[in-house]
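Each chain, letter by letter, is given below.
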Amino acid sequence: MPAAWSRRRPRPASRVAFLPVALALVAILGHLPLGRCQDYDDYADGSSGGQGASSLFAGVIYDRLMNLTGTFAKDIGQHLDFCVQNTDKDWNEAFNFSSDLSFLTNCMKETNGDLSRRMCTAAEIKFYFSSFYDNGGQKNYLRPNKNCNLTSWVSGCEPGWSCSVSENEKVNLKDSKVVPIRDVNCRPCCEGFFCPHGITCMIPCPLGAYCPLGKLNKTTGVCDPYNYQLPPGQPNHTCGSADMWADVGTSSEIFCPAGYYCPSTIQKISCSSGYYCRKGSTSQMRCFQKSSCPPNSSNQDITIFGALLMVALSLLLLIIYNFSGQILTSRERKQAKSREAAARHARETAQARERWKTAKDVAKKHAVGLQTQLSRTFSRKKSSRPPEPPKKKEPSNLTKMMQSLEENPDTYEGFNVEIGDKNLKKNIPKGKQMHTRSQIFKYAYGQIEKEKAMQQQNKNLTFSGVISMATDTEIRTRPMIEVAFKDLTLTLKGSKKKLLRSITGKLMPGRVAAVMGPSGAGKTTFLSALAGKATGCAVSGHVLINGKAEPIRAYKKIIGFVPQDDIVHGNLTVEENIWFSARCRLSAEMSKADKVLVVERVIESLGLQAVRESLVGTVEKRGISGGQRKRVNVGLEMVIEPSLLILDEPTSGLDSSSSQLLLRALCREALEGVNICMVVHQPSYTLFKMFDDLILLAKGGLTVYHGSVKKVEEYFSGLGINVPERVNPPDYFIDILEGIVKPSTSAGVNYKELPLRWMLHNGYEVPRDMLQNAGDLDASVRGTGGNPAGTASETQSIAGEVWDNVRDIVGQRRDEYDYNFSKSMDLSNRRTPGVLRQYKYFLGRVGKQRLREARIQGVDFLILCLAGVCLGTLAKVSDETFGALGYTYTVIAVSLLCKIGALRSFSLERLHYWRERASGMSSLAYFLSRDTIDHFTTIIKPIVYLSMFYFFNNPRSSILDNYIILVALVYCVTGIGYAFAIFFQPGSAQLWSVLLPVVLTLLATQQKTSKFLANLCYTKWALEAFVIANAERYSGVWLVTRCGSLIKNGYNIGDWGLCIIVLAVYGIVFRCIAFFCMVTFQKH
């Protein structure tokens, strides 16, 4: 007898996943009423009444079975809500036998109407699941009970067998406490039912199961297709039906096999050609057209669709890769034709006007000559009056202005003059009246041609007719900005090192000032201090704007700052770069026609007409030349019509002709009243003479000279420093300040004394330490050669230097934070476009950039296609885990590839953003525009990946569910990529993008990980959404497997929408973090 306890063959260890479900069923069935109608015994006597009585009884049993849902729906909602979302739906999918009740009818016949006495009560079902749970699922028998124990072991205790109760005992199926005695009339379990090992009752098999009578395999002694053996010594004991319903790993033999479908639990039909039948199917599903589905197909082979899609996508990507630029090129060609026609029309009009004027002058001259001749011929007497002396020609206003500038270069009062015809501008059509592109270009080029004609009339001046519009009191003028500084000193907050020292001077409108000096003299620092961008430094002294102590940042909308590096968008054309700057930084009230006019003036003045439609170029792709790129860099600031223009080495790297062209354009700007200050390295003599003022700095940030260029040689001659013949004066002065060339001994001055001599020459206050060192400097001149500071200075310790550097960095960070978030008043009187309009402009610019980067996007899509093919082929869907392995790889691969792609959105644009933000452009518009354009890839990338993965993997979940999950996942990881791109350096950002999805996926899939930590991983929510979408498609016989798998992983079938929301929230949160980092952290 004890040997009968272990007569079933061992099961796989996967039954552990079934244990939590068993515990939940115990809690439900402990108080589960299993019927509402009268007792089954009332029908026992009529069970032999023929086929009609059996069918009627089967229908009654089925009705009572279906009525159970209303009884325990509440209990299922409390205990199994993690795997059962719709109780009625899942119950119908598992036990809706209405289409075929033959297994009940057959069992009625086989048991002679004894079916009700053989079905398990609530107490027996509770005992079955609780025993299975108590033994840990590691053993194949139940605990001893009233019917099956060491002293009583009837045939019904064997797997696949059941017994009935005695005739005088009634069975109450609702009884959940008392197990009835079943030890009579033992026989094999009916097909369509399963009879567990260790109890003597029957339970119906769910839909999707195939529970026929077993057949003895004489070779193995096992009842096929089940794995239990017959008891020894009982020759009349035969094989019965199934003995267990659990998860697919434990009781896979009762699942309808793949390639077949089971419309009832006792019927197995081969899948027809053109159809496929998955494991546990109740019906066959039609294959897609063109897919390969021979008879008995377990799955449809739709890889042909994946292959076709891959070929189609490859062709599409190839077309995009090769012809992406044609979309913008065709549009640019249309615009170029319209512009060329307008320019041609303007030139022809100007030429016609000149010819008419010439003809009129000739006709007038001939008329005057004819009149004189006639008057001489018909005159009868000569005039006796003496000839009047010729009147002295009064100089024109323009000549007066130039004479005023020559005599007194420190004033700019001569700008309020009238040039040309006063009615010239009054007769010009307003820019707001222009609507079409042709009208706008005609207006712009007509104005430019008229200005050229006015310039031709004043050949002695090399400036355009723009000065007429700028100085006419009836027309809009630029506000003047005069910058005066006294004792300007910049000191690092930590190390107390002085970068600039006691600089005094003035920058005036209408003049071009050059800042020169040797390396380390603080030239760029001086410009940064003037522009209000010096961070990490303590500023002392006074800086006055138009004679008032006002912050320079209050005028940033009309201040142009050209950085030393050519920070220009390489994937935009010259015109697009300049036009974008004009749209975002010119006044919002200015019409489009007037903005086009400004842009055309700048392009023409900088000599960029020939390359206006050429891409600027990047490191990978060749564009315009270096000199042209430098001029575009300057044009970005000139086009905003600034009042103060600061340039950091705009001529570095340029040849002489390019430098002259650039400086000539700046001089024209200065004649309009613009205050221009620029750092120049060793200009040629021609360029040097084009400057109005010179600021010469020595090492240490000390002023050596600040005044007119025409008087610099005179000043140094007074110090005994004469420029040799055929030597460029600026080169000679810088060589002296570097110590390369020493002044003659007759000069009696050392190069280190020059700042002190300048202060004494102008009567400036001299710092005490400089006065104390004056004697040492004299001694050095006499030949001592010692250190001017003496040898008594103490060497600072390394720890002190490190601490000072830390304090410098902290101070710089604090100043950057204050600079970024502090709001200053706006005194520029210019209202630039708001956030929404700038967002529109940024959107257009980013869209063009993405079109020109379509090749890179195509490579990203191709990599996603290959990843989908590989993962879809290698990680096939497993019914035991609902495809969790393939989805895990999907989460990692999509996260990695999309993060790498998101890094390019911001990591390559840092310098451009910092420049544009410093000029007053909206950071929010910049960020939102790039994110909006990236939404296109957020929508397309899931399609590209699923087009391969879904057709090669063929999961049960719908493609729509998978697409929605992938969209949410891509949106989430794109936000994370933004944060990495902005916060980290490019190398570190790529490393984090690779490591993070792998680490988070490992944490989310480990059972030992705390639930709180797992919920913080976005990969957990993505994987849960994928598994839930797939698990919902498993019903009927799969119900226990579904519940076991979900509770094992801690998933809830009702959380699919929550997973999508969490991923979206993660994406929004990381975008907010990225935006905060973008506006907070600046370039070192």
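Fair warning: this is a prediction, and the values are worked out from it, not measured in the lab.

### Some points on empty space enclosed by the protein
- According to the stated counting rule, one finds eight cavities of 30 Å³ or more in the structure shown.
- Of the voids in this model, the second largest cavity is the one considered here, and its volume is about 150 Å³.
- In terms of lining residues, the second largest cavity is bounded by 16 residues, among which H569, L636, R915, E916 and M921 are the most central.
- Counting only elements with at least two residues in the lining of the second largest cavity, the list comes to α15 (574–585), α17 (626–638) and α29 (910–918).
- When residues of the lining of the second largest cavity are assigned to their parent elements, the largest contribution, four residues, is made by α15.
- Taken together, the residues that form the lining of the second largest cavity break down as six nonpolar, five polar and five charged.

### Description of the packing of aromatic side chains
- By the definition in use, this model includes 33 aromatic pairs.
- Ring geometry for F882 versus Y1034: centroids 4.6 Å apart, planes at 70°, classification edge-to-face. Residue F882 is found in the loop between α27 (854–874) and α28 (884–906), and its partner Y1034 is found in the loop between α34 (1018–1031) and α35 (1039–1049); the two are separated by 152 residues along the sequence. The same class applies to F882 as to Y1034, namely buried.
- Between Y887 and F949, the aromatic rings sit 6.1 Å apart at their centres with planes inclined by 50°, giving tilted as the arrangement. With Y887 in helix α28 and F949 in helix α30 (residues 923–953), this residue pair connects regions lying 62 residues apart in the sequence. Across the pair, exposure class does not vary: Y887 and F949 are buried alike.
- Taken together, the ring pairs in this structure connect F580, F842, F906, Y913, Y926, F927, Y978 and F1075 into an aromatic cluster.

### Notes on the side chain of T111
- As for its position among the elements, T111 is in the loop between α5 (102–110) and α6 (115–118).
- Overall, the relative accessible area of 4% leaves T111 in the buried class.

### Things to note about the state of the cysteines
- Taken as a whole and judged by the stated rule, the model has ten disulfides.
- In this model, C120 is linked to C201 through a disulfide, with the two sulfur atoms separated by 1.7 Å. Looking down the S-S bond of the C120 and C201 bridge, the torsion is 90°, so its handedness is right-handed. With C120 in the loop between α6 and α7 (122–134) and C201 in the loop between β3 (193–194) and β4 (203–204), this pair connects stretches of sequence that are 81 residues apart. Of the two residues, C120 and C201, neither departs from the other in class, the shared state being buried.

### A look at the side chain of S643
- With respect to the helices, strands and loops of the structure, S643 is situated in the loop between α17 and β16 (644–648).
- Within the structure, S643 has its side chain in polar contact with the backbone oxygen of P479 (distance 2.4 Å).

Cut-offs and rules
Residues numbered from 1 in each chain as written. Predicted model: local features only at pLDDT ≥ 70, side-chain atom pairs only at ≥ 80, totals over all residues. Heavy atoms only, no water. 1 Å grid on protein atoms, 1.4 Å probe; cavity = no way out; pocket = protein on both sides within 12 Å on 5 of 7 lines; lining within 4 Å. Points joined across faces, edges and corners; volume = space filled by probe spheres on them. Helix = DSSP H or I, 4+ residues; strand = E, 2+ residues; numbered from the N terminus. Nonpolar A, V, L, I, M, F, W, Y, C, P; charged D, E, K, R; others polar. Phe/Tyr/Trp six-rings, centres within 6.5 Å; stacked < 30°, edge-to-face > 60°. Buried < 20%, exposed > 50% of the residue type's maximum accessible area, 1.4 Å probe, protein only. Disulfide = S-S within 2.5 Å. Polar contact = N/O pair within 3.5 Å; in protein donor to acceptor, adjacent residues only side chain to side chain.

Nothing here speaks to function; it is geometry throughout.
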